[in-house]
Structures are given as structure tokens and as C-alpha cells.
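Descriptive analysis of the structure
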Amino acid sequence: MNTLLLPPSAGNIFTASRILTQGGLVAFPTETVYGLGADALNPQAVTKVFEVKGRPASNPLIVHIKDINMASELAHFDEVSYELAEHFWPGPLTLILPLREHSKIAENITAKSGYVALRVPQNQTFIELIESFGRPIVGPSANLSGKISSTTALHVLSDFDGKIDAILEGDNCLMGLESTILMYDDPKLQILRLGCITKDEISTKIQDLAIEASLEGDKIPTPGSKFRHYSPDAPLRINCNEKSNKEVLIGFGELKGAEFNLSISGDLDEAAKNLYNLLRTADNMVKSQDYSGIAVSPVPNIGLGLSINDRLERAAGKISAKSFIK
Ligand code: AMP
Ligand code: MG
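Let me sum up the structure you'll find in this document.

The rules behind these values
Residues numbered from 1 in each chain as written. Chains lettered and ligands numbered in written order. Predicted model: local features only at pLDDT ≥ 70, side-chain atom pairs only at ≥ 80, totals over all residues. Heavy atoms only, no water. Phe/Tyr/Trp six-rings, centres within 6.5 Å; stacked < 30°, edge-to-face > 60°. Helix = DSSP H or I, 4+ residues; strand = E, 2+ residues; numbered from the N terminus. Buried < 20%, exposed > 50% of the residue type's maximum accessible area, 1.4 Å probe, protein only. Core = buried A, V, L, I, M, F, W, Y, C linked by side-chain atoms within 4.5 Å. Contact = heavy atoms within 4.5 Å. Patch = residues over 30% accessible without salt bridge, like charges linked within 9 Å, V, L, I, M, F, W, Y side chains within 5 Å. Areas by Shrake-Rupley, 256 points an atom, 1.4 Å probe, with all protein chains shown as cover. Salt bridge = Lys/Arg side-chain N within 4 Å of Asp/Glu carboxyl O. Lys, Arg positive; Asp, Glu negative; His and termini not counted. Charge placed at Lys NZ, Arg CZ, Asp CG, Glu CD. Expected span 1.5 Å × (residues − 1). Bend = angle between axes of the 7 residues up to and from the residue. Polar contact = N/O pair within 3.5 Å; in protein donor to acceptor, adjacent residues only side chain to side chain. Pairing = 2+ DSSP bridges.

So, on to the packing of aromatic side chains. Under the counting rule described, the total for this entry stands at four aromatic pairs. Plain terms: the ring middles of Phe28 and Phe126 are 3.8 Å apart, the flat faces sit at 15° to each other, and that makes the pair stacked. You can see Phe28 sitting in strand β2 (residues 26-28) and its partner Phe126 sitting in helix α5 (residues 124-133), a full 98 residues away along the chain. Both residues of the pair, Phe28 and Phe126, count as buried. Their ring planes at 80° and their centres at 5.7 Å tell us that Phe77 and Tyr82 sit as a pair that is edge-to-face. Here Tyr82 falls in the partly exposed class, since its relative accessible area comes to 33%. Aromatic rings pair up to connect Phe77, Tyr82 and Trp89 into one cluster.

This is the structure we're talking about:
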């Protein structure tokens, strides 16, 4: 299969939407990371997403929709989730909601959990694709299962060249980290995945509500957090103030001797945006040059730094090794 690289013109968005209609796979930019899209109402197309990613069928997929109205056709909203959606959509928030019985969503999307993960994206190219297609689009991150997410069309191409129909190009991912996943489980709001929206931003909007992080997903259906994730092929050490002589060092803040830097000025937004690109670049250097592994400097554990550290810890295999299924 020849994977088309489609710059974001109206004609190409139409081509991408036709490919989806015919059951094909199209990767697309979002404000978080690139997604790998298929028609959410077509179970065969959804199966292909699992296959090309090498993703276990037990790990459900996020469904992208145009707005709250389209979301309400698929899932039941409680008051808190509705308020969150009104405030944070379009944007990097994913809500886990009870699936409507007659939603027509392909069964293999939800791992038959009875819940669906929904998000209204902000990226203009992707919004136009959803509008042109007119139906919900599944969109897990466009990377091989367990490996580093993609923030450019070239990252996607390096994982899926010849395996998917097309890659819709667009602005590279503005934020660079996945969405924050929330589920309201009366009386608490649970953070199932840390992401672009921080706990502080959520609590400013939703007051008088207990917010807890439940990142292992053992109480509620968030199997994704149990899987190995974001991993380079090369060995990765984190919280390193210095490197061994054969490591590629990715620094944070002013640091001498680092090959790369997440953000010289110590800006967490910039670090999030650079994270996956630098991990991929360093990983390729270990493969092609005389390096033994990757070391990353400490990143402050505040605000967005909590989400960055969550990704780094999972990438280094440090979070709950016992619960890694893969
Ligand atoms: P990604 O595939 O990288 O976009 O990650 C999607 C995340 O959303 C994974 O952690 C999934 O386990 C989680 N997820 C998707 N759908 C559901 C669902 N129906 N219930 C719970 N978690 C979900
Ligand atoms: Mg992913």
C-alpha cells in the first residue's frame, strides 16, 4: 500500500474523508499528538486500527466528535461531565461516559465495557475532517503500541509507511502530550490519565468536588494505563543530572553537555511540546550511532511537569511494573 501524504487543503480533507468512508485508515494532526483514524461506526475499519498498531483488543479507543450534541447521541452525560465538556471542549479533555444502548458505535471500540471515551478536538484540520466525514472518528495515538507517540507527520510515516492509506498533514501538534482523561464517579472526579489539562485547571473550574488520580485503572475501566507506553527501543534513564559517556542526554533548563534540551528556559509547555520528538530523535541516534542509551534530566513535578514525568516514568518502565500486561 502506498501511504499518501496529504497537505491540509480542502481537496485533501475531502480525499481523507472518502478514505474513511471506504473503511480505510487516515492519520491526522490534533493539538495533543497525531491520531490514527477510522470510521467509528465500521467494526472492520476499527479492527484494522488495532492490527496496524499492534494494540491489544482489551485497550479501548477514544472517539472524536464535532461537538457536545454529537457526543450526546453516543453517551449519557451527568451534570459534572457536561459542565467539564462545556468548559474544556474543544480541547485536550477526554471524558469517559456510559455508552447509549443504540449508539451504533462499533463494539470493538469500547472493549465491551459499556463506557465510551469522547473528545472534541481543537485542531482546525482535524475539525474540518470530522465535519467533512460527518460521523465520529476513532483516534488512538498514531504510534506502534507501547512506543513513542507521534507529534509530526514524519513520525507517523516512520511507524506506518505502507500500512495505512494516508496521513493528513497540518500544524504540528501544539501541545505535544495526550489529552487528560476524566471520569465522574459520583461523588468524585477521577483523573484516569494525566495530560495537557492540569489538575489545578480542572479544580479551578469545578469547585467543591473531590478530584483524585486513579492512574492504575483498577477500579474503573481504563485499561490503557496498565500497558507499557511511550517507550523508546533504547534503554532510558530518567531524573539524571549527568550522563554516562555513551548516553544521549536530553536536558531540561540550563545544562552543559546535553545533546538536546526539552526547554533551556525551563518552560514546561515547551518541554511537553518537544518531549516525543526528542525521545524519537535520541532513540534513532542510539540505533545508528555509537550511543548506549538515553538519559533525561529531572523535570519539576508541578503543573504540566506531572504529566511529563508520568510519560517519562512509563517510558522508563518505572510505573507499576507489576501491572504492565505487555
Ligand atoms: P491512546 O490510544 O494513546 O489515545 O490512549 C487512549 C486511552 O484512553 C487509553 O489509556 C485507553 O485505555 C483509554 N480509553 C479509551 N476508551 C476507553 C473507555 N471506553 N474506557 C476507559 N478508558 C478508555
Ligand atoms: Mg497512545
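Once you've had a look at it, read on.
Time to look at the nonpolar core. Ranked by internal contacts, the top residues of the largest apolar core, which has 67 residues, are Val63, Leu84, Trp89 and Leu118. Each residue touching Val63, except ones within four places of it in the same chain, is listed here: Ala40, Leu74, Ile105, Ile109, Val116, Ala117, Leu118, Arg119, Pro136, Ile137 and Val138. Residues Tyr276, Ala282, Leu312 and Ala315 belong to the second largest nonpolar core, which totals 30 residues.

The next thing to look at is a negative patch on the surface. Together, Asp200, Glu201, Asp267, Asp269 and Glu270 line one region of the surface with negative charge. Those elements giving two or more residues to the negative patch turn out to be α7 (199-205) and α8 (268-288). On the secondary structure map, Asp267 appears in the loop between β14 (260-261) and α8.

This part takes up α8. Residue pairs spaced three or four apart in an α-helix point in one direction, given the helix's 3.6 residues per turn. In a regular helix each residue adds 1.5 Å, so 21 residues correspond to 30 Å; α8 covers 29 Å between its end C-alpha atoms and thus fits that length. Largest kink in α8: about 45°, centred on Asn274. Every buried residue of α8 is accounted for by Leu268, Ala271, Ala272, Leu275, Tyr276, Leu278, Leu279, Arg280, Ala282, Asp283, Met285 and Val286. Where α8 is buried, its residues touch α6 (153-160), β12 (236-237), β13 (247-251), β14, β15 (293-296) and α9 (304-315). One side-chain oxygen at the N-terminal end of α8 lies 2.8 Å from the backbone nitrogen of Asp269; it belongs to Asp267.

Most of strand β3 (residues 35-39) is tucked away: five of the five residues are buried. Here β2 runs beside β3; their pairing, made up of three bridges, is antiparallel. Bridge pairing links Phe28 to Gly35 in β3. Direction of pairing for β3 relative to strand β7 (residues 137-138): antiparallel, over a ladder of two bridges. Among the inter-strand pairings, Ala38 is bridged to a residue of β7, identified as Val138.

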